[in-house]
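# Chain and residue survey
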Amino acid sequence: MEQIYKANLQKTISDFYPVYLKKELLKQVVNDGLVINNKKRSCQLSFKFADIVDVSEYDTLDEKVNNILNADSVLQYIEEFEYKRQYRHFCYFKCSEIPPTKLEELVENDAVYLFDKKGETLIDSYDKPSLYIVDNLVYLKFSDRLNNETGNEIKFTVICVLDKEHSVIELRFDRVGIAYKNSYNFYRDKINGILEYLRTYLSVEIENIDFKAVIDYIKSEKDNISIYAQRMQRNGTTAYLEAYDDGDGVMPILGELGNFIEENKELFDTDINTNLIKDKLLAFIKEIEVKSDMPMVKVKLDDRDIKFGITHNYKGMEYSLFMFYGELLGDKEMMGYVRNYLIECNRELERCISPNTVSEKEV
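Just so it is clear, the structure is predicted and the values come from calculations on it, not from any experiment.

The next subject is the overall build of the chain. Check the secondary structure of the chain and you find 11 helices and 14 strands. Split into buried and exposed, the 363 residues of the chain put 45% on the buried side. Sequence-distant contacts in the chain: of pairs separated by 6 or more residues, those separated by 24 or more amount to 60%. About 20500 Å² of surface is accessible on the chain, with carbon and sulfur atoms providing 49% of the total.

Next up, the structure:
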């Protein structure tokens, strides 16, 4: 089984990692001293040891990456890299406090593989998850073996992040080709399976987060975010609204109509009749936004230039599925930043609508 897992890991990286991620992986293993990649082939002094791979002689990125994958030290490094790297898809849930003894029981009962950075062999496997702890974050890595009709196999990874400080569960995973999916509900089934694992083995209560309400709150209360596209369903029809590619975050149709009213304020304030027209237009815009179902929106965090989409009620479930756009590089803490931002906005919203909220003056 270990050899199958190893071969699938190598194939997944070689065939399915995008170029930008291969570049990042090569850069990191070079920086950590596991690989030599003297691009200029200069006379610069390079110490070569038996367990260090030298890929300086290869010209293409794929040649370099495929050769480093033959080294066990690099594969072991990749196992940790999988915890830290960014993923295309993610979703969030609230959870009750995780009993500390439950994590200890998982290790003591050999129900998980405990990640050991100093280990000399591969840790991950298909039979059970691996456990990795950093500060207040607990990582569980679930590895699945997928195959297509021609017998090719790859490794599919889901990273479960348990944020103990905020009592939040985050699931991270990448897209997988349709040939390797066994059902239309592939991602939904993976998410639900891991949530059930957490309920069973960690005895946590899991609660969905209403991100439709969170996005509405952000739109009205925050000025560092843009909603630049959305899918709208109204009266049985679906409309796809996309912003232009020039970076302008104004929502087409509704946003442009609102801007038109604002730009022609003096005209609309001419008399009682024009004021009435303005009020009716603004009420019409508000009615569409409130009564229409927005199953999908695209969001941009302006201060970080981070773009992601949100599909609400994903595949009939009561949770939302998120998806990053563009290359997943730049800020290494991007996923943590997005999680903290959205969860804090949700907490602000809950405080606003809580019937038990009492102002400091009243106290």
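Relative to the assigned elements, E82 resides in helix α4 (residues 72-84). A distance of 2.9 Å separates polar atoms of two side chains, one belonging to E82 and the other to K141. Setting aside anything within four residues of it in sequence, one finds E82 in contact with L9, Y17, Y87, D124, K141, K155, T157 and I159.

Here the focus is the packing of aromatic side chains. For any pair of aromatic rings, the description consists of the separation of the ring centres together with the inter-plane angle of the planes. Under the criterion given, the structure shown has 24 aromatic pairs. Where F260 meets F268, the ring centres are 6.3 Å apart and the plane angle is 85°; that geometry is what we call edge-to-face. An aromatic cluster of three or more residues is present, and its members are F90, Y92, F211, F308, F322 and F324. The positively charged end of R85 is found above the aromatic ring belonging to Y87, 4.1 Å away from the centroid. Above the ring of Y83, the side-chain terminus of K141 is found at 4.3 Å from the ring centroid.

With that settled, the discussion passes to helix α1 (residues 2-16). Here α1 is 15 residues long and its end C-alpha atoms lie 21 Å apart, about the 21 Å a rise of 1.5 Å per residue gives. Burial in α1 covers these residues: Y5, K6, N8, L9, T12, I13 and S14. Packing partners of the buried residues in α1 comprise α2 (19-31), α3 (61-68), α4, β6 (137-147) and β7 (153-163).

On to the pattern of salt bridges, then. The tally for this structure, following the rule as stated, stands at 24 salt bridges. Measuring nitrogen to oxygen at the nearest pair gives 2.9 Å for the salt bridge that ties K155 to E82. Highlighted residues: K155 in strand β7 and E82 in helix α4, separated in sequence by 73 residues. On the basis of relative accessibility, which here comes to 5%, the residue K155 falls in the buried class. A salt bridge links K222 to E348, with the nearest nitrogen and oxygen atoms 2.9 Å apart. Of this pair, K222 sits in the loop between α7 (211-221) and β10 (225-234) while E348 sits in helix α11 (residues 334-353), and the two are 126 residues apart along the sequence. For E348, a relative accessible area of 17% translates into the label buried.

Listed as buried for α7 are F211, V214, I215, Y217 and I218. Buried residues along α7 cover an arc of 160° about the axis, so they all sit on one side. N-cap assignment for α7: the residue whose side-chain oxygen lies 3.3 Å from the backbone N of K212 is D210.

A few words now on the confidence of the model for the chain. This prediction gives the chain a mean pLDDT of 83; 82% of its residues lie at or above 70. Within the chain, the element-level pLDDT minimum falls on strand β11 (residues 237-242), averaging 49, and the maximum on strand β8 (residues 168-173), averaging 97. Here residues 358-363 is modelled with pLDDT under 50, and outside its nearest four sequence neighbours on either side it reaches 1 contact, counting other chains as well.

Following the sequence through the fold, V30 ends up in helix α2. On the basis of relative accessibility, which here comes to 28%, the residue V30 falls in the partly exposed class. Taking the C-alpha atoms as reference, V30 lies 9.6 Å from D54; in sequence the two are 24 residues apart.

Turning to the side chain of K278, a few remarks are in order. Residue placement: K278 occurs in helix α10 (residues 272-291). According to the relative accessible area criterion, K278 is buried, its value standing at 15%. Engagement of the side chain of K278 in a polar contact is seen with the side chain of D269, the distance being 3.2 Å. Setting aside residues no more than four positions away along its own chain, K278 makes contact with I261, F268 and D269.

Moving on, we get to unusual backbone geometry. The residue S167 is not glycine, and still its phi comes out positive at about 55°. Position of S167 among the secondary structure elements: in the loop between β7 and β8. Judged by its relative accessible area of 27%, S167 is partly exposed. Although it is not a glycine, N313 adopts a positive phi angle of roughly 50°.

Parameters at a glance
Residues numbered from 1 in each chain as written. Predicted model: local features only at pLDDT ≥ 70, side-chain atom pairs only at ≥ 80, totals over all residues. Heavy atoms only, no water. Helix = DSSP H or I, 4+ residues; strand = E, 2+ residues; numbered from the N terminus. Buried < 20%, exposed > 50% of the residue type's maximum accessible area, 1.4 Å probe, protein only. Contact = heavy atoms within 4.5 Å. Areas by Shrake-Rupley, 256 points an atom, 1.4 Å probe, with all protein chains shown as cover. Polar contact = N/O pair within 3.5 Å; in protein donor to acceptor, adjacent residues only side chain to side chain. Phe/Tyr/Trp six-rings, centres within 6.5 Å; stacked < 30°, edge-to-face > 60°. Lys NZ or Arg CZ within 6 Å of the ring centre and 35° of its normal. Expected span 1.5 Å × (residues − 1). Salt bridge = Lys/Arg side-chain N within 4 Å of Asp/Glu carboxyl O. Arc of directions from axis to C-beta. pLDDT = per-residue confidence, 0-100.

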